[in-house]
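# A structural walkthrough
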Amino acid sequence: MIQVNLPNIQQFMPLPYEAALAPRLHIAHNHLQKGDGAGGEFTGWVRLPENYDRAEFDRIKLAARRIQQNSEALVVIGIGGSYLGARGVIECLCSPNYNLKKKETPNIYFVGNGLDSRAMEEVMELLEGVDFSVNVISKSGTTTEPAVAFRFFRKLLEDRYGREEAARRIYATTDRQRGALKNLADEAGYETFVVPDDIGGRYSVLTAVGLLPIAVAGVDIDELMAGAASMMEVCGKDDMGANPAWQYAGARYELYRTGKKIELLASFAPCFRFMAEWWKQLYGESEGKENKGLFPASVEFTADLHSMGQYIQQGERHLFETVVRFAPDEHELVVPRDEKDGDGLNFLAGRSMDFIRQQAMDGTLLAHVEGGVPNIMLCLGSNCAFTMGEMIYFFEYACGLSGYLLDVNPFDQPGVEAYKKNMFALLGKPGYEELHRELAEKLH
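Below or above, wherever it landed, is the structure these notes cover. (Residues numbered from 1 in each chain as written. Predicted model: local features only at pLDDT ≥ 70, side-chain atom pairs only at ≥ 80, totals over all residues. Heavy atoms only, no water.)

Looking along the chain, the bond that leaves F301 and enters T302 is cis, with omega of 5 degrees. Here N291, not a glycine, exhibits a phi torsion of approximately 60 degrees, which is positive. By relative accessible area, N291 is classed as exposed at 85%. Phi at D407 takes a positive value of approximately 60 degrees, unusual for a residue other than glycine. Of note, D407 is situated in the loop between α15 (385-405) and α16 (417-427). (Buried < 20%, exposed > 50% of the residue type's maximum accessible area, 1.4 Å probe, protein only. Helix = DSSP H or I, 4+ residues; strand = E, 2+ residues; numbered from the N terminus.)

Listed below in structure tokens is the structure:
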């Protein structure tokens, strides 16, 4: 189970806060459990680990095996919550160098999360002479970035295999009943999976949105869901002392109240990079409303100690760290002895890399606390599918609590629509003519 260690925040708190905050956490907790708070119609993820669609889950595993058998690559088309969680899990459990490794599973390319022509062309070049399939993920099918990408890769499939075979290689994860992508999938005969109506994109990694690409990479999704179910039971406890999500949400809220406006999610594991990207969307879109909310950022230690370390140590004192710590690997590299000891490192000979990393972590966090940066430590089990499921659910539940503590709706994202509206107008989308004229005057 995840342990939340908080001794490195105590000196930054003017008064003990747990007892005073517990009633508000109790209210937030009840809103999540009952689905009766702001945005409650999007809390289907709360009970997902126990009531997910078993029939669809089995179809996901069958589709993953089919892709593994007939494809050397899978192109995953999606943006935001439609790809960050899956990419984070795959890189964390399989390797940031997943596509470069010798393996029996297909390479996985994530596209449709930007509008860069060169990046799109590069993936197309990598697919030359390669059998591939596509998983397009969009509830509506009209989100610009993935919709544009799907046009390119659907054409590539159809040109290579013909429409009938291309249709067998396209898997659409979309709305159950309606929308442009659902209509296209039904017409063309793509196999479809469901983006649930009661689960928003950034909370959807444990649905078909994330599970199909994760399964294609060879990750045990049964273990992933088992870990989430285990954490769901823990997070259901109405008790600060027994519920790690309460402890984390409460600590970060109190740090925010004391003037800490930036949360740095840190890990000493390079494979964690895209899980941090998923976390940033989860908390940024959930909390950043009504001029409220912590700014979520991330750092990778020890590498970023040689770039961001100076600012963290001595910059403006408006941040705190949350540090993710996995249990040691079973097979740890041990530093060899050098007879000449030219680098002076024989004092480390025989030490495991995890031991060295732990000392670096302890030394770093002590230095940061002395420099005025509080830190929360999240201690996890070994880096495996079960632990990943626990962590995903933990962060989601703590995020829901955090939004309610701030008195905002943790499940909408009205601010995201502003750029889309302007983009559509500038691109000349029908229905945006008046705004197009207004923006053209401002720009010229």
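From this point, the discussion proceeds with the structure in view.
This next bit is on the layout of surface pockets. Of the pockets and cavities examined, the largest pocket occupies roughly 690 Å³. The wall of the largest pocket is formed by 30 residues, among which S82, T143, G201, Q413 and K420 lie closest to the centre. For the lining of the largest pocket, the elements supplying multiple residues, two or more each, are α6 (144-161), α12 (273-287) and α16. Examining the composition of the lining of the largest pocket, we find that three residues originate from one element, α16, more than from any other. (1 Å grid on protein atoms, 1.4 Å probe; cavity = no way out; pocket = protein on both sides within 12 Å on 5 of 7 lines; lining within 4 Å. Points joined across faces, edges and corners; volume = space filled by probe spheres on them.)

Before going further, it helps to spend a moment on the packing of aromatic side chains. Each aromatic ring pair is summarised here by two numbers: the centre-to-centre distance and the angle between the ring planes. The tally for this structure, following the rule as stated, stands at 21 aromatic pairs. With 6.5 Å between their ring centres and 65 degrees between their planes, W278 and F395 make a pair best called edge-to-face. Of this pair, W278 sits in helix α12 while F395 sits in helix α15, placing them 117 residues apart in sequence. A relative accessible area of 2% places W278 in the buried class. When its relative accessible area of 1% is taken as the criterion, F395 is described as buried. (Phe/Tyr/Trp six-rings, centres within 6.5 Å; stacked < 30°, edge-to-face > 60°.)

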